[in-house]
Structures are given as structure tokens and as C-alpha cells.
2 protein chains.
Amino acid sequence: MKNRLKVLRAEHNYTQAKLAELLDVSRQTINAIEKGKFDPSLPLAFKAARLFNLSIEEIFQDE
Amino acid sequence: MKNRLKVLRAEHNYTQAKLAELLDVSRQTINAIEKGKFDPSLPLAFKAARLFNLSIEEIFQDE
DNA sequence: AATTTTTGTAAAGTTTATTTGACTTTTTGT
DNA sequence: ACAAAAAGTCAAATAAACTTTACAAAAATT
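Just so we're clear, the structure is a prediction, and the values are computed from it rather than from any experiment.

(A) A look at the relation of the copies chain A and chain B. Of the transformation superimposing chain A on chain B, the axial component is 0.0 Å and the angular component is 180°, with the fit at an RMSD of 0.2 Å. This pairing of chains is accounted for by a two-fold axis. Minimal C-alpha separation from the rotation axis in chain A is found for A:Leu42, amounting to 2.4 Å.

So, in C-alpha cells, the structure goes:
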């Protein structure tokens, strides 16, 4: 599962720590997801989508 | 997290067992998700979306 | 060049998703 | 009414997501 979190972070000038705080998870969770170590839970994917005003599919790509 | 799985199943005449088979999970997982016992993983949500030709947001609603 | 910030990583622990097996209750078909 | 099929549920086990703490590497700032 790929994702555009790193790019979205860059666009918004967010550090991993800041994004983690906004999504209410640990910084390591953001890092792990960006690095593809595991997929976010569905609730977390929803939170990210809401934060960036995008659909889940626009942030996370199955494959 | 609410979802429309039960309705979508009805529309497609799928039993929980059939849907489970199509999504490659156990029947109990489908039942538990329908009954709100837990949320599906993001990969499973994607699979369901693909199966029904809908977006994740059209099947699963946050809150 | 030195310091601070950010990112990467790892181990150990907790929580949540999912499995299998078994059993009960409800719904559907005859 | 009866049988069969589908749905609901529970317990015990495994896997995956996520936490905290801690430290090292890389990037940015001064």
C-alpha cells in the first residue's frame, strides 16, 4: 500500500511530528506508514483524509 | 465506524459467507464488521470497495 | 563547523483485527 | 411444521497496528 503522506506533508510544511500530533498518533507511526512498514488503520486513514481534505483513495493507493 | 455492507450484500444476494469468500476473510470477520465489533483494516476496506465498485467512503462512514 | 531539528530505526509492550472451531438463534424454503 | 441455511456469538490463538523509550543518522540552521 503506497501513500502520498510525505508529499502532502511537504505541501503543508508539516514535520512527521506535527502530522502525528494532528492525527493523534505517535511520530513513529507516521514514519512507519511513510516508510511502508505497515498500513494505517481505517480510522486513521479517515483522519488523514479529513485533515488534507482528500479522499482516502487520493492519499492511499492499493496495489 | 458505520458501513453499508449488509445493504450491499442484500443488493448482490450475497451471504456473509459468500462475501467473506470474495474478500478472502473469515465469515466471522464479515459478521463482526457488520455488527460494528471492529473496523476492517485499510486493505480489506479497499478490497470491499473494489468488489462493489464504490469508493471506501461510499461503503464506510466515519462515526 | 557546530548545534539543533528532523528523520530513521529498534525493542518491548498494548490494543485491535482476524482466524478457527464450536455452538445457538433466527430466517428461509418446502 | 420441519429441515436447511444463514446469521449471531464466544473463547482462545495469532497477526498487525500502534505506543513508549531510546538512540543514531541525516538535514537544516546559525
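Having put the structure on the table, let's press on.
(B) Structural context of the protein's contact with DNA strand C. The immediate surroundings of DNA strand C are formed by 20 residues, with A:Gln16, A:Arg27, A:Asn31, B:Thr29 and B:Phe38 found nearest. At 2.7 Å, a side-chain N or O of A:Arg27 approaches a base oxygen of DNA strand C. Within the side chain of B:Thr29, an N or O atom sits 2.3 Å from a phosphate oxygen of DNA strand C. Listed by contribution, the elements that provide at least two residues to the surface near DNA strand C are helix H3 (27-34) of chain A together with helix H3 (27-34) of chain B. With four residues, the top contributor of residues to the surface near DNA strand C is H3(B). Partitioned by chemical class, the residues of the surface near DNA strand C number five nonpolar, eight polar and seven charged.

Reading the values: the criteria
Residues numbered from 1 in each chain as written. Chains lettered and ligands numbered in written order. Predicted model: local features only at pLDDT ≥ 70, side-chain atom pairs only at ≥ 80, totals over all residues. Heavy atoms only, no water. Least-squares fit on C-alpha atoms with pLDDT ≥ 70 in both. Near = heavy atom within 4 Å. Polar contact = N/O pair within 3.5 Å; in protein donor to acceptor, adjacent residues only side chain to side chain. Helix = DSSP H or I, 4+ residues; strand = E, 2+ residues; numbered from the N terminus. Nonpolar A, V, L, I, M, F, W, Y, C, P; charged D, E, K, R; others polar.

Function cannot be read off these values alone, since they describe shape.
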